[in-house]
Amino acid sequence: MNFMKERTVTMNRECILEQAKQHDSFYLYEEAIIRKNTEQLKTDFPGVTFLYSVKCNPYPEVLRCVLNQGFGVDAASLAECVMGQKAGLGKDMVIFSAPGKTMADIRGGLGISTLVADSAAEVERIQEAAAEQGIVAEIGLRVNPDFTYTAETGVASKFGIDEQLIYDSMEAWKKLPNIRIVGLHAHLKSQELSAETLKGYYRNMFRLSVSMREAFGTLKFVNLGSGMGIPFCETDKPFDTTALGAETQRLMAEFQEKLPETRFYIETGRYAVGTAGTYVAKVVDKKVTHGKNFVLLSATLNGFARPSMVAMLEHFMGNGPIAAWEPIYTGDHSFQMIPLVETAERETVTVTGNLCTGTDLVLSDADMPKMEVGDTVVFPNAGSYAAVKAGAKFQWGVALLPYWPDVKGAPQNTVIGGAAIWAMAGHSKDAEKGAAAFLNYLLKPEVQARFHQLTGYVPVTLEGYELTKQQGFYDKNPGTDIAVKALSDKKPTINSLGLRLGNFVQIRNIIDEE
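What counts and how
- Residues numbered from 1 in each chain as written.
- Predicted model: local features only at pLDDT ≥ 70, side-chain atom pairs only at ≥ 80, totals over all residues.
- Heavy atoms only, no water.
- Helix = DSSP H or I, 4+ residues; strand = E, 2+ residues; numbered from the N terminus.
- Buried < 20%, exposed > 50% of the residue type's maximum accessible area, 1.4 Å probe, protein only.
- Contact = heavy atoms within 4.5 Å.
- Areas by Shrake-Rupley, 256 points an atom, 1.4 Å probe, with all protein chains shown as cover.
- Phe/Tyr/Trp six-rings, centres within 6.5 Å; stacked < 30°, edge-to-face > 60°.
- Pairing = 2+ DSSP bridges.
- Polar contact = N/O pair within 3.5 Å; in protein donor to acceptor, adjacent residues only side chain to side chain.
- Salt bridge = Lys/Arg side-chain N within 4 Å of Asp/Glu carboxyl O.
- Patch = residues over 30% accessible without salt bridge, like charges linked within 9 Å, V, L, I, M, F, W, Y side chains within 5 Å.
- Axes fitted to C-alpha atoms, helices over the stretch in contact; angles between N-to-C directions.
- Parallel < 35°, antiparallel > 145°, perpendicular 65-115°, else oblique.
- Left-handed = near helix turned anticlockwise from the far one by under 90°.
- Right-handed = clockwise from strand over helix to strand, strands pointing away.
- Core = buried A, V, L, I, M, F, W, Y, C linked by side-chain atoms within 4.5 Å.
- Nonpolar A, V, L, I, M, F, W, Y, C, P; charged D, E, K, R; others polar.
- pLDDT = per-residue confidence, 0-100.

Structural notes on the overall build of the protein
Okay, step 1: A tally of regular secondary structure across the protein gives 16 helices and 16 strands.
Okay, step 2: In the protein, buried positions account for 45% of the 514 residues.
Okay, step 3: Considering only contacts in the protein between residues 6 or more positions apart, those separated by 24 or more positions represent 69%.
Okay, step 4: For the protein, the accessible surface area stands at approximately 26,700 Å², while carbon and sulfur atoms represent 55% of it.

Written out as structure tokens, the structure is:
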């Protein structure tokens, strides 16, 4: 990939290095940057209500910080609607506009959000759910308009209802007894850095809003969607919110008489939090193989997935052009990697993660400052779409395997599985002594504890486990002791000692096929 040169690290370097003494990988979010970004939006867009795109980063403290600025919620799931409700937001400040809502989503969202129908069929489903609850719900429609950011014709999309279909269906929808269509929503593109492009889109949206108000009979709100991007490299210019804000004010004044009751929403997209996050990883190993330098980082694909996804796309496409595909791929500058090292030495290295897969790749043959084991590396602009807790959009934890309590002896220890080291017969006495010395080294408590803590694999001795516990690792990383307990909390039986099965892989494949 075309890796850009490193920039000056503007995040709190001292804080990062201090946290890196305790953690091999983590996210750092800077509240001051979130506040700066949100204040900028409020200053430049007076009279506009901003909705925080929770899917960008649902981390509770980030969410709290943004909502404390008076922002509402752009919800892409029922869970995000619930977050808004728990934060004390009213229905008018939680806009639920995701495509493909289930009936459970609709039923759950009706009481705590303003639903925006994404299809003609969804209009009917909202009517059905509202009738079940004995209410009349005010809803919006997501339109797929007859224009794009750059053209005066529409395109096919999974999002929204075609503009003409809305006009054709309104008379029938007005007769539905349990819904009133009072709002309009559109979102066509993310990560746009040209204010001029968004100005043109906004002008089209205001004209469309007037036409839709005539069809609806009223138009209580218009959600203009998102689009404002963030700079990912030095050649990217920051989005000019002042210019777009001024044009928005001009349009609101121009269309005031034609849209007198309309409230305007804008979604933040990644703008509010994208630049406020930094992902930090440690160098856990370094090697030279066939003349090529490799640097291994902790938790890349399984911590901050964007670099590996970029590498995958570029691998599949070879030298061919790759169009932006948000939020995964912005371009060949989709991320930056900055080693926090004090050296003028440089080297060509391939940077990978420490997962057992070749796809855990960050950079190939990149010119970088020389790094050593223990050094800290940062990835800026990791405040949004950054695989918070490896992408989970729910609370998660770790626990021992379930069991049937009526089974005699339950719960039993888990059967061990995985790779092994074998010392084969047929070698000299000196070779056998060397192998024994190496195995004894591996079994040392400090070696097993270090291996366990760096890789996540269980220690093969209880002494390694006890040392890890004494060092406070499990207190800092709750749940990392579960696997050890699953194997050792109960004396194994003849059936749970483990097994040696030479053709295990082939047998497992057959079982999977069946």
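Let's talk about the packing of aromatic side chains
In this description, an aromatic ring pair is defined by two values, namely the gap between the centres and the angle between the planes.
Okay, step 1: On inspection of all chains with the given rule, the structure shows 18 aromatic pairs.
Okay, step 2: Plain terms: the ring middles of Y279 and F304 are 5.6 Å apart, the flat faces sit at 40° to each other, and that makes the pair tilted. Of this pair, Y279 sits in strand β11 (residues 277-289) while F304 sits in the loop between β12 (292-297) and α10 (306-317); the two residues are 25 residues apart in sequence, bridging distant segments of the chain. This pair shows no difference in class: Y279 is buried, exactly as F304 is.
Okay, step 3: The interplanar angle of 40° and the centroid separation of 5.5 Å between the aromatic rings of Y465 and Y474 together place this pair among those described as tilted.
Okay, step 4: Overall, the relative accessible area of 9% leaves Y465 in the buried class.

Side note on the pairing of strand β16 (residues 376-379)
Okay, step 1: On β16, burial covers both faces: T376 and V378 on one face and V377 and F379 on the other are all buried.
Okay, step 2: The sheet contact formed by β11 and β16 spans four bridges and is antiparallel. Residue pairing in the sheet places Y279 in a bridge with F379 of β16.
Okay, step 3: As judged from the two bridges shared by strand β13 (residues 338-339) and β16, these two strands associate in the antiparallel manner. Pairing of I338 across the sheet is with V378, part of β16.

A word on the side chain of T38
Okay, step 1: Residue position: T38 is located in helix α2 (residues 31-44).
Okay, step 2: Of the polar contacts made by the side chain of T38, one reaches the backbone oxygen of I34; its length is 2.9 Å.
Okay, step 3: Looking at T38, its side chain comes within polar contact range of the main-chain oxygen of R35, at 3.1 Å.
Okay, step 4: Not counting chain neighbours up to four residues away, the residues in contact with T38 comprise V66, Q69, F71 and A272.

Some points on the pattern of salt bridges
Okay, step 1: If you walk through the whole model with that rule in mind, you get 26 salt bridges.
Okay, step 2: Taking the shortest distance from any N to any O, the salt bridge between K21 and E18 comes out at 3.2 Å.
Okay, step 3: For E18, a relative accessible area of 40% gives the class partly exposed.
Okay, step 4: Linking K220 and E138 is a salt bridge whose minimum nitrogen-to-oxygen distance equals 2.8 Å. With K220 in the loop between α8 (195-216) and β9 (221-223) and E138 in strand β6 (residues 137-144), this residue pair connects regions lying 82 residues apart in the sequence.
Okay, step 5: Looking at K220, the relative accessible area reads 36%, which means it is partly exposed.
Okay, step 6: On the accessibility criterion, E138 (33% relative accessible area) is partly exposed.
Okay, step 7: Linked by salt bridges that have partners in common, E31, R35, E61 and R64 make up one network.

Let's talk about a nonpolar patch on the surface
Okay, step 1: A cluster of nonpolar residues, I421, F438, L439 and Y441, forms a patch on the protein surface that exposes about 390 Å² of accessible area.
Okay, step 2: In this structure, L439 sits in helix α11 (residues 429-442).

Some details on the packing of helix α5 (residues 103-110) against helix α6 (residues 120-133)
Okay, step 1: It is at 9 Å that the axes of α5 and α6 come closest, and there the two elements cross at 55°. In this view, α5 runs oblique relative to α6, as classed from their interaxial angle. When you trace α5 past α6, the crossing you get is right-handed. In this structure, α5 uses M103, I106, R107 and L110 to contact α6, whose residues at the interface are E122, R125, I126, E128, A129, A130, E132 and Q133.

Notes on the pairing of strand β3 (residues 72-75)
Okay, step 1: The pairing of strand β2 (residues 49-53) with β3 spans three bridges and is parallel. If you follow S53 over to β3, its bridge partner there is D74.
Okay, step 2: Note on the crossover from β2 through helix α3 (residues 60-67) to β3: the handedness is right-handed.
Okay, step 3: Note: β3 against strand β4 (residues 94-96), three bridges, orientation parallel. When the bridges of β4 are listed, D74 appears paired with I95.
Okay, step 4: Traced from β3 through helix α4 (residues 78-86) to β4, the parallel crossover comes out right-handed.

A word on the nonpolar core
Okay, step 1: Counting 97 residues, the largest nonpolar core has L141, F216, M228, M337 and M371 as the members making the most contacts within it.
Okay, step 2: If you tally residues by element for this core, the top one is α8, at 11 residues.
Okay, step 3: Sequence-distant contacts of L141, that is, excluding residues within four places in its chain, are made with V116, A117, V123, I161, I166, M170, W173, I181, G183, L184, H185 and F216.

Quick notes on the packing of helix α12 (residues 445-455) against helix α13 (residues 462-470)
Okay, step 1: Between α12 and α13, the shortest axis-to-axis distance is 8 Å and the interhelical angle comes to 70°. Overall, the two elements α12 and α13 adopt an arrangement that is roughly perpendicular. Viewed along their axes, α12 and α13 form a crossing whose handedness is right-handed. Packed against α12, whose contacting residues are P445, E446, Q448, A449, H452 and Q453, the element α13 presents E463, G464, L467 and T468 at the interface.
Okay, step 2: Taken together, the residues that form the contact of α12 with α13 break down as three nonpolar, five polar and two charged.

Describing the environment of A344
Okay, step 1: With respect to the helices and strands, A344 occurs in the loop between β13 and β14 (346-352).
Okay, step 2: The class of A344 is exposed, set by a relative accessible area of 77%.
Okay, step 3: Put simply, A344 and P369 are 25 residues apart on the chain and 6.9 Å apart in space, counted from C-alpha to C-alpha.

Describing α3
Okay, step 1: V62, L63, C65, V66 and L67 are the residues of α3 that are buried.
Okay, step 2: Each element contacted by the buried residues of α3 is listed here: β1 (25-29), α2, β2, β3 and α4.

So, the confidence of the model for the protein
In low-pLDDT regions, the fine details of the predicted coordinates are not to be read closely.
Okay, step 1: Mean pLDDT over the protein: 88, with 89% of residues reaching 70 or higher.
Okay, step 2: Confidence over residues 1-10 falls short of pLDDT 50; this stretch has 30 contacts with residues more than four positions distant or in other chains.
Okay, step 3: Note that pLDDT drops below 50 for residues 387-394; the model gives that stretch 11 contacts with residues more than four away or on any other chain.

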